[in-house]
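# A structural walkthrough
Here's the letter readout for the chains.
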Amino acid sequence: MAEFSRSLAAQCAAKCIVDTAVECGVVNGQVAISPHLAESEKELIIKMLRKIREEYGENSGVLQADEVSSLFTFTFGKAAEAVTNMYNHQPDNFELTGMLGGQIPVYAEDEITEKFKNSGFPAACAENYLNWSESNSALIASTDPVLLLFEALKWCFRLSCNYAIEIVEKKSK
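These remarks concern the structure in this document. (Residues numbered from 1 in each chain as written. Predicted model: local features only at pLDDT ≥ 70, side-chain atom pairs only at ≥ 80, totals over all residues. Heavy atoms only, no water.)

Take Leu159: it is sitting in helix α7 (residues 145-172). Leu159 sits 63 residues away from Leu96 along the chain, and the two C-alpha atoms are 20 Å apart. Those residues in contact with Leu159, other than ones at most four positions away along the chain, are Ile17, Val18, Ala21, Val26, Val27, Val31 and Phe121. (Helix = DSSP H or I, 4+ residues; strand = E, 2+ residues; numbered from the N terminus. Contact = heavy atoms within 4.5 Å.)

Here you go:
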């Protein structure tokens, strides 16, 4: 049987990102879902988590604020790629270039890329997540900080995909 735990902290980390999406206008109602994007999320998150564990080891502790910011920006950009791939019936090929360093190549439709560049969503996610985690140190004390961060990143991906889908739908009208 798989190892798991129940975590109020993980739920709160996810809510932090959902609230940020609402504040930034990335979500204005129902969230779009798709089996393709669920598989994309799974593939991306597993690759990212594996890379973090390779770089820093298990229970590696706290990443630096600039690395957290880069992870949110990276996840945001990869959501744009995933939605572009979905609409173009192409497989995902998530490269991890720039994941922690901020120089992130994004291969997405021009309209999505342009709107994403002008969005403050990933920066707001990082700022709100870092502020939340600092303010809730007692709540998160017994939680693996990397898993907690990745719970927030999953929601960043989902809500960023929703935003990209809305961009494509508006363009096609």
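Here the focus is unusual backbone geometry. Unlike most non-glycine residues, His89 shows phi in positive territory, near 55°. Of note, His89 is situated in the loop between α3 (65-87) and α4 (110-117). Using a relative accessible area of 72% as the deciding quantity, one classes His89 as exposed. (Buried < 20%, exposed > 50% of the residue type's maximum accessible area, 1.4 Å probe, protein only.)

Counting 52 residues, the largest nonpolar core has Ile17, Met48, Leu71, Phe72, Phe121 and Tyr129 as its most contacted members. Contributions of two or more residues to this core are made by α1 (8-24), α2 (35-56), α3, α4, α5 (121-135) and α7. Take this core: its biggest share by element is 15 residues, from α7. (Core = buried A, V, L, I, M, F, W, Y, C linked by side-chain atoms within 4.5 Å.)

On inspection of all chains with the given rule, the structure shows six salt bridges. Salt-bridge contacts for Glu41 lead to Arg158; the nearest nitrogen and oxygen are separated by 2.7 Å. Taken together, the positions of Glu41 in helix α2 and Arg158 in helix α7 put the pair 117 residues apart, joining distant regions of the chain. Accessibility expressed as a relative area gives 27% for Arg158, which makes it partly exposed. (Salt bridge = Lys/Arg side-chain N within 4 Å of Asp/Glu carboxyl O.)

Here we take up the side chain of Thr75. If you trace the backbone, Thr75 turns up in helix α3. Among the polar contacts made by the side chain of Thr75, one reaches the main-chain carbonyl oxygen of Leu71 at a distance of 2.8 Å. Not counting chain neighbours up to four residues away, the residues in contact with Thr75 comprise Met48, Leu153, Cys156 and Phe157. (Polar contact = N/O pair within 3.5 Å; in protein donor to acceptor, adjacent residues only side chain to side chain.)

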